[in-house]
Amino acid sequence: MALVEVQVPDIGDFDEVTVIELLVKPGDTVKAEQSLITVESDKASMEIPSAAAGVVKELRVKLGDKVKQGSVVLVVEAAGAAPAPVPAPAAVLEQKPAAAHVNTAQAAITTVATTSGPVEVRVPDIGDFKDVSVIEVLVKPGDGIKLEQSLITVESDKASMEIPSGAAGVLKELRVKVGDVVNIGDLLAVLEASVVVSASVPPPQPSPVRGGSEGRGAGQESAPSVLLPPLPGEGGGGGSAPTPQPAQATPPHDPTTTVQNLPHASPSIRKFARELGVPLAEVKGTGPKGRITEADVQSFTQAVMAGTLQTKAIAAATPAAKPGGGGGELNLLAWPKVDFTKFGPVERKDLSRIKKISGANLHRNWVVIPHVTNHDDADITELEAFRVSTNKENEKSGLKVTMLAFLIKACVAALKKFPDFNSSLDGDQLVLKQYFHIGFAADTPNGLVVPVIKDADKKGVLAISKEMGELAAKAREGKLTPAEMSGACFTISSLGGIGGRYFTPIINAPEVAILGVCRSNMEPVWDGEKFVPRLMLPLSLSWDHRVIDGASAARFNAYLGQILGDFRRVML
Ligand code: CAO
């Protein structure tokens, strides 16, 4: 099987574009024409398709890289014969003033205009696009329409474009609706015209990039026509009619929504959102420049399904709870909107990506899970002495054992004794895990992450310490892989290195409990005859009251305390 380098195809006048999304990874099987990466210039974003089918052997680009025509994106072990012709990528313009991207030579608006009276606005020549779906209607009868104002958005499977008006006037009649399929020449609307528009603009010449085989030089591969932002000086006709403008498509929305407020996402994400019925305008984008990613659409859907989020449509259909009424609705006040500059100088800072993602997860977990937290203390006087002496013995190796490694081992023992703590809720069923993967919260410059020590029951304290050090270092450098952060059964959040007494950690769903640990203190403890100085470790165990009850939680903490008090119990 041959190794094939897949390159960035002809992407028009885009000199250098930034890679903003990687859509495949090594080991993936890709089909010809499958999108591999998304790139973005200041004007547009586009997905770069594969010219070959096969298994991805090597990715040659990473997020943030600049690429241009000919840059190698990846290497595939080709499945079959020669690489397929390279389809030109689909582009989506960002929300910029339309005029900035309009190549007036690109298309002809077919209108029949008079100085006054009704004017028919029809679908102009939109290249090779046939049977495109109307996915948005941007205006409504009665609206004053400016020349070149976008009337509708249409979409093929690869790109979307706005269809502008060829005349100015008042919209009398709309002849299309969302879901209609349109073609060149179809009647879109009737205006009461106030401006004359030429009806004789010549049709556009296909461009090498977006056209079919016409117009291509000898030896150039033909490519299916897709929409790209217009190339300066390209095309033939001249004429003054506005050009269909590749644009961002959204699910059907309120026609009063301004085009400038449409969300920022690639065509495939828009399609994905539409299939799920997700209103993109309500999804917060966590990608570069606020771009909406597939994960954002998934999180939105999960939050709606979990009942922690309502779409505006659902909220509008849900009657508000009345005081004293029996409804379970939260019926919260709107978040206070304060102009802080009235009170003093302020600085605005974007939340980090990690904070945005973890914030949404923590919020869901806090709202959905009925949390209870039990606080207790463990006597770790002997264990700390053992830890200090172990570190002295291992000084030369450079490996330092912290209390957290012992806690991981102790928690495994407690999870074995109380299996309900090592479970997840799945509807009316409890999934009891027979493996022991322990997550630990790690503080990083960009926010909180939770690396996972897999199979902690099979590892010794030294091995756990070593692995924890490596994972914590990777976490701080932002290099943890998703696999290193998934699969935890139970999480420990240790603030022991920082301070504090007790806190109420939030359960890391779908886990059912989390242990919070604070700084140990030397305290006077009554031994039955006198007070003796003992090193006490504050423990805070939060648990899901749907799965665990208070007595079990108290027993879990007490057992944990016994183990930490006499670590030999771990072996029992
Ligand atoms: N009591 C007293 N001292 C403690 C302690 C405890 N419970 N736990 C750790 N320490 C000490 C360590 O022994 C070490 O002391 P020396 O430097 O003198 O040896 C020092 O505190 C620093 O330890 P550490 O924090 O580097 O190591 P760790 O294994 O305890 O923790 C890690 C590693 C990655 C969990 C930690 O660095 C971290 O990120 N903690 C923050 C977790 C967090 O943010 N939780 C909140 C989640 S909810 O928002």
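Our structure's up above, just so we're on the same page.
A quick note: this is a predicted structure, and the numbers were derived from the prediction, not measured.

**Student:** Please set out the overall build of the protein residue by residue, giving values where relevant.
**Tutor:** In terms of regular secondary structure, the protein is built from 8 helices and 30 strands. For the protein, buried positions account for 45% of its 572 residues. Partitioning the intrachain contacts of the protein with sequence separation of at least 6 by distance along the chain shows that 64% fall at a separation of at least 24. Of the accessible surface of the protein, which amounts to about 28900 Å², a share of 56% is contributed by carbon and sulfur atoms.

**Student:** Which residues make up the packing of helix α6 (residues 403–417) against helix α8 (residues 550–565), and what are the values?
**Tutor:** Running from N to C, α6 and α8 point in directions that differ by 135 degrees, and their axes come no closer than 9 Å. Judged by the inter-axis angle, α6 sits oblique to α8. The two elements α6 and α8 meet at a crossing, and its hand is right-handed. Between α6, through Leu407, Ala410, Cys411, Ala413, Ala414, Leu415 and Lys417, and α8, the contact on the second element is made entirely by Phe556, Tyr559, Leu560, Ile563 and Leu564. Looking at side-chain class alone, the contact of α6 with α8 contains 11 nonpolar, no polar and 1 charged residues.

**Student:** Before we move on, can you summarise unusual backbone geometry with the specific residues and values?
**Tutor:** Across the junction of Ala509 and Pro510, the peptide omega takes the value 10 degrees, indicating a cis bond. Inspection of the secondary structure assignment puts Pro510 in the loop between β27 (490–494) and β28 (513–517). Even without being glycine, Asp131 reaches a positive phi, approximately 50 degrees. Turning to its location among the elements, Asp131 is positioned in the loop between β11 (118–122) and β12 (132–137).

**Student:** Please set out the site of the ligand residue by residue, giving values where relevant.
**Tutor:** The immediate surroundings of the ligand are formed by 20 residues, with Lys400, Thr402, Asp443, Ser493 and Ser520 found nearest. For the ligand, an oxygen atom lies 2.4 Å from a polar atom in the side chain of Thr402. A distance of 2.9 Å is found between a nitrogen atom of the ligand and a backbone nitrogen or oxygen belonging to Ser520. Relative to its free-state accessible area of 960 Å², the ligand is covered by the protein chains to the extent of 68%. At the level of elements, β24 (442–444), α7 (461–476) and β27 are the ones that each hand at least two residues to the shell around the ligand.

**Student:** Any details on the packing of aromatic side chains? Residues and values, ideally.
**Tutor:** Scanning the model with the defined rule gives 8 aromatic pairs in all. When the centroid spacing of 6.1 Å and the interplanar angle of 70 degrees are considered together, the rings of Phe386 and Phe406 count as edge-to-face. Residue Phe386 is found in helix α5 (residues 381–393), and its partner Phe406 is found in helix α6; the two are separated by 20 residues along the sequence. According to the relative accessible area criterion, Phe386 is partly exposed, its value standing at 47%. Here Phe490 and Phe556 contribute two aromatic rings whose centre-to-centre distance is 5.8 Å and whose plane-to-plane angle is 40 degrees, an arrangement assigned as tilted. Of this pair, Phe490 sits in strand β27 while Phe556 sits in helix α8, placing them 66 residues apart in sequence. Phe556 shares its class with Phe490; the two are buried. Cluster of aromatic residues (ring-pair linked, three or more members): Phe418, Phe421, Phe490, Phe556 and Tyr559. The ring of Phe436 carries the charged tip of Lys416 above its face, separated from the ring centre by 5.5 Å. One residue, Lys417, lies across the ring of Tyr559, its end atom 5.3 Å from the ring centre.

**Student:** Give me the sheet that holds strand β1 (residues 3–7): which residues, what numbers.
**Tutor:** Note on sheets: strands pair through backbone hydrogen bonds, and any given pair is parallel or antiparallel. Pairing is antiparallel across the open sheet formed by 4 strands, whose spatial order is β1-β8-β6-β3. Across the chains shown, the open sheet's two edge strands, defined by having one partner strand only, are β1 and β3 (29–30). Summarising the sheet, strand β6 (residues 54–59) and strand β8 (residues 72–78) pair through 5 bridges and their orientation is antiparallel. Counterpart to Leu59 in the pairing with β8 is Leu74.

**Student:** Explain the nonpolar core to me, using residue names and the numbers behind them.
**Tutor:** Membership of the largest hydrophobic core comes to 53 residues, with the highest contact counts inside it found for Leu407, Phe490 and Leu564. Going through the elements one at a time, α6, β23 (438–440), α7, β27, β28, β30 (531–544) and α8 are the ones with two or more residues in this core. Top contributing element to this core by residue count: α6, with 12 residues. Among all residues touching Leu564, those that are not within four sequence positions of it are Ala378, Asp379, Ile380, Leu383, Leu407, Ala410, Leu537 and Leu539. Residues Val132, Ile145, Leu171 and Val176 belong to the second largest nonpolar core, which totals 23 residues.

**Student:** Hey, could you go over α6 for me, with residue numbers and the actual values?
**Tutor:** Spanning 15 residues, α6 covers 21 Å between terminal C-alpha atoms, matching the ideal 21 Å at 1.5 Å per step. Across the 15 residues of α6, 13 count as buried, placing the element largely inside the fold.

Thresholds, definitions, all that
- Residues numbered from 1 in each chain as written.
- Predicted model: local features only at pLDDT ≥ 70, side-chain atom pairs only at ≥ 80, totals over all residues.
- Heavy atoms only, no water.
- Helix = DSSP H or I, 4+ residues; strand = E, 2+ residues; numbered from the N terminus.
- Buried < 20%, exposed > 50% of the residue type's maximum accessible area, 1.4 Å probe, protein only.
- Contact = heavy atoms within 4.5 Å.
- Areas by Shrake-Rupley, 256 points an atom, 1.4 Å probe, with all protein chains shown as cover.
- Axes fitted to C-alpha atoms, helices over the stretch in contact; angles between N-to-C directions.
- Parallel < 35°, antiparallel > 145°, perpendicular 65-115°, else oblique.
- Left-handed = near helix turned anticlockwise from the far one by under 90°.
- Nonpolar A, V, L, I, M, F, W, Y, C, P; charged D, E, K, R; others polar.
- Near = heavy atom within 4 Å.
- Polar contact = N/O pair within 3.5 Å; in protein donor to acceptor, adjacent residues only side chain to side chain.
- Phe/Tyr/Trp six-rings, centres within 6.5 Å; stacked < 30°, edge-to-face > 60°.
- Lys NZ or Arg CZ within 6 Å of the ring centre and 35° of its normal.
- Pairing = 2+ DSSP bridges.
- Core = buried A, V, L, I, M, F, W, Y, C linked by side-chain atoms within 4.5 Å.
- Expected span 1.5 Å × (residues − 1).

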